[in-house]
Amino acid sequence: MIAVIGGGVVGAVVAFELQRRGLEVTVFEARLPGAATPASAGMLAPGPEGLSGAALEDARAALALWPDLARALEAHGRGSVGLRFGMMRARSVPAHEDDLEAFPGEGWVNPLAVRDAALKTVPVLQQQVLRLEPVERGVRLHSARHTHTARAAVIAAGAWSANFGLPVYPLRGQALLLSAAPYPTPLYAAGRYAVPRAGRTYLGASVRATWDTRIEAQETEALLHGLEGIFPHLRGAAVLEARVGLRPFCDQGPLEGAHPSLPGVWCATGHGRHGTLLAPLTARRVADAVQQALAALSA
Ligand SMILES: Cc1cc2nc3c(=O)[nH]c(=O)nc-3n(C[C@H](O)[C@H](O)[C@H](O)COP(=O)(O)OP(=O)(O)OC[C@H]3O[C@@H](n4cnc5c(N)ncnc54)[C@H](O)[C@@H]3O)c2cc1C
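Values in this document were obtained by computation on a predicted structure and should not be read as measured data.

Thresholds, definitions, all that
- Residues numbered from 1 in each chain as written.
- Predicted model: local features only at pLDDT ≥ 70, side-chain atom pairs only at ≥ 80, totals over all residues.
- Heavy atoms only, no water.
- Helix = DSSP H or I, 4+ residues; strand = E, 2+ residues; numbered from the N terminus.
- Rg over C-alpha atoms; globule rule 2.2 N^0.38 Å.
- Buried < 20%, exposed > 50% of the residue type's maximum accessible area, 1.4 Å probe, protein only.
- Contact = heavy atoms within 4.5 Å.
- Areas by Shrake-Rupley, 256 points an atom, 1.4 Å probe, with all protein chains shown as cover.
- Lys, Arg positive; Asp, Glu negative; His and termini not counted.
- Charge placed at Lys NZ, Arg CZ, Asp CG, Glu CD.
- Core = buried A, V, L, I, M, F, W, Y, C linked by side-chain atoms within 4.5 Å.
- Pairing = 2+ DSSP bridges.
- Salt bridge = Lys/Arg side-chain N within 4 Å of Asp/Glu carboxyl O.
- 1 Å grid on protein atoms, 1.4 Å probe; cavity = no way out; pocket = protein on both sides within 12 Å on 5 of 7 lines; lining within 4 Å.
- Points joined across faces, edges and corners; volume = space filled by probe spheres on them.
- Nonpolar A, V, L, I, M, F, W, Y, C, P; charged D, E, K, R; others polar.
- Near = heavy atom within 4 Å.
- Polar contact = N/O pair within 3.5 Å; in protein donor to acceptor, adjacent residues only side chain to side chain.
- Axes fitted to C-alpha atoms, helices over the stretch in contact; angles between N-to-C directions.
- UniProt positions renumbered as here; feature names shortened; annotations may be inferred.
- Expected span 1.5 Å × (residues − 1).
- Bend = angle between axes of the 7 residues up to and from the residue.

1. Description of the overall build of the chain
Here is step 1 of the chain: A count of helices and strands for the chain gives six helices and 18 strands.
Here is step 2 of the chain: The C-alpha radius of gyration computed for the chain amounts to 19 Å, which stays within 12% of the reference 19 Å derived for 299 residues, consistent with globular compactness.
Here is step 3 of the chain: Referenced to the eigenvectors of the C-alpha coordinate spread, the extents of the chain come out at roughly 60 × 35 × 35 Å.
Here is step 4 of the chain: Residues classed as buried in the chain amount to 53% of the 299 residues present.
Here is step 5 of the chain: The long-range share in the chain, meaning contacts at least 24 apart out of those at least 6 apart in sequence, stands at 70%.
Here is step 6 of the chain: When the accessible surface of the chain is summed, it comes to about 13300 Å², and 51% of that surface belongs to carbon and sulfur atoms.
Here is step 7 of the chain: For the chain, the separation between the mean place of its 28 positive charges and that of its 25 negative charges on side chains is 5 Å.

Set out below in structure tokens:
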């Protein structure tokens, strides 16, 4: 068995990729409050996010993998994961139809639908892994009441990957579900974005370095401040819900290789603002590495 620690969008897509390759996988998911995936806007947006260099190349490579991933998840008969194309950034505010920059190859998904579809294809144990112990030909996972032995483990524990000695830290984000009918595509303007979500508009997002996952009235007010002057179509919208998630940041970019000190353990974490976008690329890289290591062990 390959153990994947964390069932957010990254762990779920890694687990799906491993099982697609014929490996036996179990996901360990603790359901910690403040996971990033339930708050994610789901944009697949290398362009408007202003990425450059290797980060932009990776983002584009990940974007190219999304149609195949969406098809493969949907082929399991669990409904749509909401992959759509189209992306706009306003050149000036208020955002106006006549002055938008289009990113037609970019798009968005429903991150929770992706996570749930992927997790339906593998066993999921609701346990918090507290410690990893390398043993001969594998890794032992210790939770409060159980011990499991895996051939390999993948840490996809979001911001909590820090508990396994990785240089990951939380950058909290708060976003709002508004009652307003959406613009047809995600729309960026003046540091905010408005994304279609089930006939409504998802507005994001704050950024703050903290583990605090409480809804903050101040952050809600800041998101709504001057909104009509940026997105006129959101005039008079009511706030239906606020969501908070801890983005797992790593200063050196996503960690997708072997754990620095635990043999038999791989990393799939540290994606910061782009974990939804990057999940299929990370899954491919981590699955390649795990497969190669297992092949070497059995040679
Ligand atoms: C407001 C907001 C908007 C965003 N918008 C976008 C966007 O538009 N596009 C994009 O690409 N990204 C976006 N992101 C970033 C994206 O959400 C994250 O990068 C991504 O969700 C990270 O996924 P993850 O699986 O690594 O972490 P998480 O989703 O945080 O999942 C980690 C999981 O691990 C579990 N866990 C932790 N420790 C343990 C343990 N010891 N044992 C068992 N389980 C454990 C937790 O319970 C959790 O479910 C956004 C984030 C926020 C907050």
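Moving on from the coordinates now.
2. Notes on the nonpolar core
Here is step 1 of the chain: Residues V4, V14, L18, V154 and V290 are the most contacted members of the largest nonpolar core, which totals 48 residues.
Here is step 2 of the chain: Going through the elements one at a time, β1 (2-5), α1 (9-20), β2 (25-28), α2 (53-74), α3 (111-119), β12 (152-155) and α6 (275-298) are the ones with two or more residues in this core.
Here is step 3 of the chain: Ranked by residue count, the leading element in this core is α2, at ten residues.

3. Section: the sheet that holds strand β4 (residues 84-85)
Here is step 1 of the chain: Spatially, three strands are ordered β3-β7-β4 in an open sheet, and the strand pairing comes out antiparallel. The sheet terminates laterally at β3 (43-44) and β4, the two strands that pair on one side only.
Here is step 2 of the chain: Of the pairings in the sheet, the one linking β3 to strand β7 (residues 107-108) comprises two bridges and is antiparallel in character. In the strand pairing of β7, L44 is matched with G107.

4. Quick notes on the pattern of salt bridges
Where charged atoms from two side chains of opposite charge come close, those side chains can pair.
Here is step 1 of the chain: Tallied over the entire structure, the rule returns 16 salt bridges.
Here is step 2 of the chain: Ionic pairing is found between R20 and D68, a salt bridge with its closest N-O pair at 3.3 Å. Here R20 is found in helix α1, whereas its partner D68 is found in helix α2, with 48 residues between them in sequence.
Here is step 3 of the chain: Overall, the relative accessible area of 39% leaves R20 in the partly exposed class.
Here is step 4 of the chain: Judged by relative accessible area, D68 falls into the partly exposed class, the value being 36%.
Here is step 5 of the chain: Three or more residues joined by partner-sharing salt bridges are found here, namely E17, R20, R21, D68 and D288.

5. Details of the layout of surface pockets
Here is step 1 of the chain: Considering only enclosed or pocket space, the second largest pocket measures out at about 280 Å³ in volume.
Here is step 2 of the chain: Lining the second largest pocket are 17 residues, with G253, P254, H271, H274 and L278 positioned closest to its centre.
Here is step 3 of the chain: Taken together, the elements giving at least two residues each to the lining of the second largest pocket come down to α2 and α6.
Here is step 4 of the chain: Residue composition of the lining of the second largest pocket, grouped by class: six nonpolar, six polar and five charged.

6. Quick word on the site of the ligand
Here is step 1 of the chain: Near the ligand, the surroundings consist of 39 residues, among which E29, T37, V129, G272 and R273 are the closest.
Here is step 2 of the chain: A distance of 2.9 Å separates an oxygen atom of the ligand from a polar backbone atom of A36.
Here is step 3 of the chain: Here the ligand loses 98% of its free accessible area of 1000 Å² to cover by the protein chains.
Here is step 4 of the chain: Of all the secondary structure elements, the ones that give two or more residues to the shell around the ligand are α1, β17 (239-249) and α6.

7. So, the sheet that holds strand β11 (residues 147-150)
Here is step 1 of the chain: If you trace the three strands from one edge of the open sheet to the other, you get β9-β10-β11, paired in antiparallel fashion. Pairing within the sheet leaves two strands with one partner each, and these edge strands are β9 (131-135) and β11. Averaged over all adjacent pairs, the angle separating strand axes in this sheet is 25°, with direction ignored.

8. Comments concerning the UniProt feature "domain: FAD dependent oxidoreductase" (unreviewed entry) in the chain
Here is step 1 of the chain: Per the UniProt record, the feature "domain: FAD dependent oxidoreductase" (unreviewed entry) sits at residues 2-74 and 103-288.
Here is step 2 of the chain: Taken end to end, residues 103-288 comprises 19% helix and 32% strand; its first and last C-alpha atoms sit 31 Å apart.

9. Observations concerning α2
Here is step 1 of the chain: Relative to the 32 Å expected for 22 residues at 1.5 Å per residue, α2 spans 32 Å between its end C-alpha atoms, a close match to the ideal helical length.
Here is step 2 of the chain: Taken as a whole, α2 carries its principal kink of about 35° at W66; the proline P67 stands between one and four residues after it.
Here is step 3 of the chain: Among the residues making up α2, those that are buried are L56, A59, A62, L63, L65, W66, L69, A70, A72 and L73.
Here is step 4 of the chain: The inward-facing, buried residues of α2 contact α1, β3, α3 and α6.

10. Observations regarding the environment of L177
Here is step 1 of the chain: One can find L177 in strand β13 (residues 169-178).
Here is step 2 of the chain: C-alpha separation for the pair L177 and H225, spaced 48 residues apart in sequence, amounts to 15 Å.
Here is step 3 of the chain: Apart from the residues within four sequence positions on either side, L177 is in contact with R197, R200, T201, Y202, A238, V239, L240 and E241.

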